[in-house]
Amino acid sequence: TKYVYDFSEGNKDLKGLLGGKGANLAEMTNLGLPVPPGFTITTEACKAYLDSGEAPAQLRDEVSAHLSALEERMGKKLGQADDPLLVSVRSGAKFSMPGMMDTVLNIGLSDESVHGLAAQSGDERFAWDSYRRLIQMFGDTVLGIRGERFSETLEEAKTARGATTDVDLSAEALKELVTKFKNIVSEETGRDFPQDPREQMDLAVRAVFDSWNGSRARLYRRQERIPHDLGTAVNICSMVFGNLGPDSGTGVAFTRDPASGQQGVYGDYLQNAQGEDVVAGIRNTVPLADLETLDKASYDQLMQIMETLENHYRDLCDIEFTIERGKLWMLQTRVGKRTAAAAFRIATQLVDQGLIDEAEALRRVNGSQLAQLMFPRFDSNGGVKNAEQLGWGIAASPGAAVGKAVFDSYTAIKWSRSGEKVILIRRETNPDDLDGMLAAEGILTSRGGKTSHAAVVARGMGKTCVCGAEELEVDTKRRCLKAPGGKVVEEGDVVSIDGSTGKVYAGEVPVVPSPVVEYFEGRMHAGADDADELVKAVHRIMAYADRVRRLRVRANADNAEDAARARRFGAQGIGLCRTEHMFLGERRELVERLILADTEEERKRALHALLPLQQGDFVELFESMDGLPVTVRLLDPPLHEFLPDITELSVRVALAESRKDANENDLRLLQAVHRLHEQNPMLGLRGVRLGLVIPGLFTMQIRAIAEAAAERKAGGGDPRAEIMIPLVGTVQELELVREEAQEVINEVERERGVGLGLSLGTMIELPRAALTAGQIAECADFFSFGTNDLTQTVWAFSRDDVEASFFTAYLEKGIFGVSPFETIDKDGVGSLVRSAAEAGRATRPDLKLGVCGEHGGDPESVHFFHEVGLDYVSCSPFRIPVARLEAGRAAA
Ligand code: ADP
Ligand code: MG
Ligand code: MG
C-alpha cells in the first residue's frame, strides 16, 4: 500500500482514503487552482498506526520522500534556519467530526528559524507572531495544555501594552510572549518546546491520529453509526501567510448565500490575519464584497474560482482562502452547509442552470429540512429585528414559542390550567418535569446538549425547545433568568424562544405561519407571479417526488377535519383511524354503561346506543376520503382507559361513604375499576382480546362501518373501507373475528342490496404476529405494521416510561444515535418487518402492506419501508409532505 499522496495525485472521490479535506485539496490542485503544495497521509496509515500503536516504518520513509520533494519544489527545507519552509498539519476524516484534533499552523519555526523568517520576509513582527501562534496551537492541540493558559497570557500582554487587538502588539511584545509561551510548555509538560522541525511535524501527525480515538470523537461516531475503523487522514500543506501586513489576509466565502440560496458574493474577510482568526471573532471582519476595493485583482480571481468550483461540484461550495501580499491561495473547499430554505431553492436553481437533473435535485434536499420549513416561525421582517435577544443555546426541537417565564413544573401546570401560555425555564430538566413540559409552549434550559433530557423529551412531544443556553443564568431560587447584558427576566415576564435557531428573546415576538404550510393548505399558490421563491421551489420538488415515488402515503386521521387536511397535504387515503378516539367526550358515559352492564340486555342496549354514533363518524370520514382507502382499526386500548382514575374514584367513594351518601353508580364503577385494573395494561386485555371477550363489541363496530359504507354507496359515494384488527398474535384470533365480521357484512349487504367490497386485515405489532406472518396472511387481506407497539414489544420498552427515564443516558452513551421510537431500529424491529413482509407475501402475493406507526413520517424509516417493499406508509397529517418527499427520494 501507498500511505502518502501528493495533492496532485488524489481527487474528490477519494474521501475514504484522503479524508474530505485532502480529497478536495487534490481536486482543486488538479483543476489548476492555486493551492499551496503539499501531501496527504492516508486513513490507511492512520489505521496501521492505531492497530499497532506504532507508525509503520514505511510511512516514515514515504513522508520523508514527499517532504524532500516538497522542499525541492519550494527551494527551502522544513525549518531551515535562514529561510524556513513552514507547513500546516491538518486533520481531515471522511466525515467531519467534533472532538477531532484541529490544525497546527507554522510548523517548522524554532528559536533559530524565527530569525530566518524575519529576515526573509523583512517583517520581524510577522515572524514572532507566527512563532507564538505555533506554540499556542501546538501546546493546546498536540501537547494537551489547556488553551486558556495561552489565551489568558495573551490577554495580559495586550492589557499590559494597552493593545486592543493582537495586531497592536509589537515585535518586541510578541517576542516576550513567545518566551512566556515556551515557559508554559516547559511547566506543563516537563520538557521544552521541541525545536526540531521534523519532530514537530511527526508529533502533530501522531496527535491527529490519536485524536481519532478521543472520547468525544468515539461518542459522536457511536451515535451517528459511523464505523470506528475508518481512521483519519492528515494533510501537510506548505504555509502561506495572511498575517504579512495589510496587503495580506484571510477569508471564507460561499458561492451562494447559504441562508437564501441566492447567487452573489457572500463571505467575510480579515486583513493581516491567519487561519481561524476570521471565524474566531477576535477582530471585526469586513464583508467579502469589500475585498474588491482592497485588492481588486485577488477579488476578481476569487470570483472566477468560485464560478469554476460551482460548475465543477454542481453545488454550493464553501471556501477558505488566504491572500499573501496580493497573491491568492485556496486552502479548502467543500460542498457547503445551508439552511433548509436554501437547500430547496438551490436544488431548483441548479436544475434551471442545467447543472443537475430532477433526481439529483431530490437527493439534494431532505424531509427533515422540509419539516423545519413547516413550523411557524418568528416574523423575520420587523418582529425578530426589533426583538431584544437575550442569548442563545442549542436549537434542540424546532418551532417558535412565546409565553410567560416559569421556573418550575408546578407553576407551569397551574398557570397553563388557568389559560396562560408559559415557557418552562430550568437549568436542566428531569423526569419530574414531564407534566410541566407538557403544559408549556416551549422549554428552555441552560445546560445540556442535543441529547439532554429536555431535548429528547421535547422532540418526542413535538415541543419547541432550546437547551444548553449557557450564557443565560437560571436562578430557580429567585425565580429569574439573568442574561449576559444584565437584563433579568422575572417569573411572569414574556419570553420568546426559537427552537430552529436556538435564539432566546425578551418579550413577545410575533409568530407567522410557515409559507410552506400555507401552500400545502392551498392558501398560497406556487403559480402566482409574486409567489414566494421558497414556495415555488418546494412545489417543484414535491412534483418530482410524486412523479417517481413508489410508496403511497396515507394519513393517520380519526375525524373528517384531519382527513380533509391530510387530503390537501396529499394523502392517498387513511392508513389508521383509531376508533377509540370516537369514544371520548360525552360518549364516554355510553362506554361506561357497556363496561358496567351486568346483563346481556344491558350490554346490548349500550352497544345499540353507540352504533349510530360510530356510523355517523364513519360516514363523514368516508365522505372526506371518497374514492380512497380508509383503514378503520377496531377498538384497541384497555377498557379501564375509559373509566375514572382509580385513586380519584376511591377517594370520592370513601368521602361519600363517610357522609353516608355513597352513590350506587360510583360503587359499581369502583368495582369495575378494580376488576379491570391491570399491572401492565399495555400487555393486558386490549385489542383483539377485548373483541373476543366482550360479546358484540367488534360486531357493533363492524356493523357501523358496513352501514356507513352502504349509506355512502346509496348516496352515490365511493367508500373504500378496510377493517383492521389490532394486537393479533395468532391466526386463530383473526379467524374468529373474520367469521363474525363476514356474517355481519353479509347481512348488511343483503339488507341494503349492495356489495360493499370491504376488506379485512390486521396490524402486525407483536413479535409473535411477525414471526407467524405466513400463517396470519392466510386470513388477512392486508398487514399494517404497527411499529410503535412493535418497537415497545421487541425491546420490552414502555415508551411512556423509558423516553423520560433512561433514554437520555442511552443516547449519551451512544447506545442509540436516535430513539428507536423516532427512527425504526432496522437491525431489530426492522428485520422483523422485513421477514414478516416476505412471509406474508409468500402466502398471499397480493397482500397489501403498510405501516402506521409514527415511523411512517420519519425520513430514514421511510427509506427503509421503501426498501423492504411496503405499499404505503401512513403518518400524521402534518408529516405527509415529508413522507411524500422521502418516498420520492428513496425511489430517485
Ligand atoms: P478546519 O478543519 O478547522 O477548517 P483547517 O485545516 O482548514 O481546519 O485549518 C484551519 C485554518 O487554518 C483555516 O482557516 C485554514 O485556511 C488555515 N490554514 C490551514 N493550512 C494553512 C496553510 N498551509 N497556510 C495558511 N493557512 C492555513
Ligand atoms: Mg478549514
Ligand atoms: Mg398498537
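Residues numbered from 1 in each chain as written. Chains lettered and ligands numbered in written order. Predicted model: local features only at pLDDT ≥ 70, side-chain atom pairs only at ≥ 80, totals over all residues.

Quick notes on the packing of helix α23 (residues 588-596) against helix α24 (residues 600-624)
Alright, step 1. Packing of α23 against α24 leaves a shortest axis separation of 8 Å and a crossing angle of 155°. Here α23 lies roughly antiparallel to α24, going by the angle between them. Our pair here, α23 against α24, has a crossing hand that is left-handed. Contact with α23, carried on its side by Leu590, Arg593 and Leu594, involves Arg603, Ala606, Leu607, Ala609 and Leu610 of α24 and no other residues of that element. (Axes fitted to C-alpha atoms, helices over the stretch in contact; angles between N-to-C directions. Helix = DSSP H or I, 4+ residues; strand = E, 2+ residues; numbered from the N terminus. Parallel < 35°, antiparallel > 145°, perpendicular 65-115°, else oblique. Left-handed = near helix turned anticlockwise from the far one by under 90°. Contact = placed C-beta atoms within 7 Å.)

Some points on the UniProt feature "binding site: Mg(2+)" (unreviewed entry) in the protein
Alright, step 1. Taken from the UniProt record, the annotation "binding site: Mg(2+)" (unreviewed entry) applies to Glu765 and Asp789. Over a stretch of 25 residues, the named residues converge on one spot in the fold, their C-alpha atoms separated by at most 5.5 Å.
Alright, step 2. Structurally, Glu765 is set in the loop between β28 (759-764) and α30 (767-771).
Alright, step 3. C-beta crowding within 10 Å serves as the criterion here: with 26 such atoms nearby, Glu765 is assigned to the buried category.
Alright, step 4. Apart from the residues lying within four places of it in its own chain, the contact partners of Glu765 are Leu727, Gly786, Asp789 and Leu790.
Alright, step 5. Tracing the backbone shows Asp789 in helix α32 (residues 787-795). (UniProt positions renumbered as here; feature names shortened; annotations may be inferred. Buried ≥ 20, exposed ≤ 12 C-beta atoms within 10 Å, placed from the backbone.)

Let's talk about the sheet that holds strand β9 (residues 317-324)
Alright, step 1. With antiparallel pairing, the 5 strands of this open sheet are ordered in space as β8-β7-β6-β9-β10. Edge positions in the sheet fall to β8 (286-287) and β10 (327-335), since each has one partner strand and no second.
Alright, step 2. Looking at chain direction, strand β6 (residues 249-256) and β9 are connected through 6 bridges and run antiparallel. Looking at β9, one finds that Ala253 is bridged to Ile319. (Pairing = 2+ DSSP bridges.)

Overview of the sheet that holds strand β14 (residues 400-406)
Alright, step 1. The 8 strands are arranged β12-β22-β21-β14-β15-β16-β17-β13 in an open sheet whose pairing can be described as mixed. Strands with a single pairing partner mark the edges of an open sheet, and in this sheet they are β12 (388-392) and β13 (394-397). Between one strand and the next, the sheet's axes are offset by a mean angle of 30°, whatever the strand orientation.
Alright, step 2. One ladder, built from 4 bridges, connects β12 with strand β22 (residues 503-506); its direction is antiparallel. Within the sheet, the bridge partner assigned to Glu388 lies in β22 and is Ala506.
Alright, step 3. Each of β14 and β15 (422-426) is contacted by helix α17 (residues 409-417), which is oriented at about 175° to β15, the strand it contacts most.
Alright, step 4. Strand contacts of helix α19 (residues 453-461): β13, β16 (442-445) and β17 (464-467), with the helix running at about 40° to β13, the strand carrying the most contacts.

Remarks on the domain arrangement of the protein
Alright, step 1. When its domains are assigned, the protein resolves into domain 1 (4-238), domain 2 (249-335), domain 3 (377-512) and domain 4 (549-576 + 615-635 + 721-891).
Alright, step 2. Between the C-alpha centres of domain 2 and domain 4 there is a distance of 50 Å. (Domains from an automatic or database assignment.)

Describing the environment of Arg879
Alright, step 1. Tracing the chain through its elements places Arg879 in the loop between β31 (872-875) and α37 (880-891).
Alright, step 2. Its 27 C-beta neighbours within 10 Å are what place Arg879 among the buried residues.
Alright, step 3. Each C-alpha atom, one on Arg879 and one on Pro36, is 48 Å from the other, the two residues being 843 residues apart in sequence.

A word on the site of ligand 1
Alright, step 1. Taken together, 16 residues sit near ligand 1, with Ser88, Arg90, Thr103, Gly275 and Leu331 positioned nearest.
Alright, step 2. Sorting the residues of the shell around ligand 1 by element identifies β3 (87-93), β5 (232-238), β9 and β10 as the ones contributing at least two each.
Alright, step 3. Per-domain counts for the shell around ligand 1 show at least three residues from each of domain 1 (4-238) and domain 2 (249-335). (Near = placed C-beta within 6 Å.)

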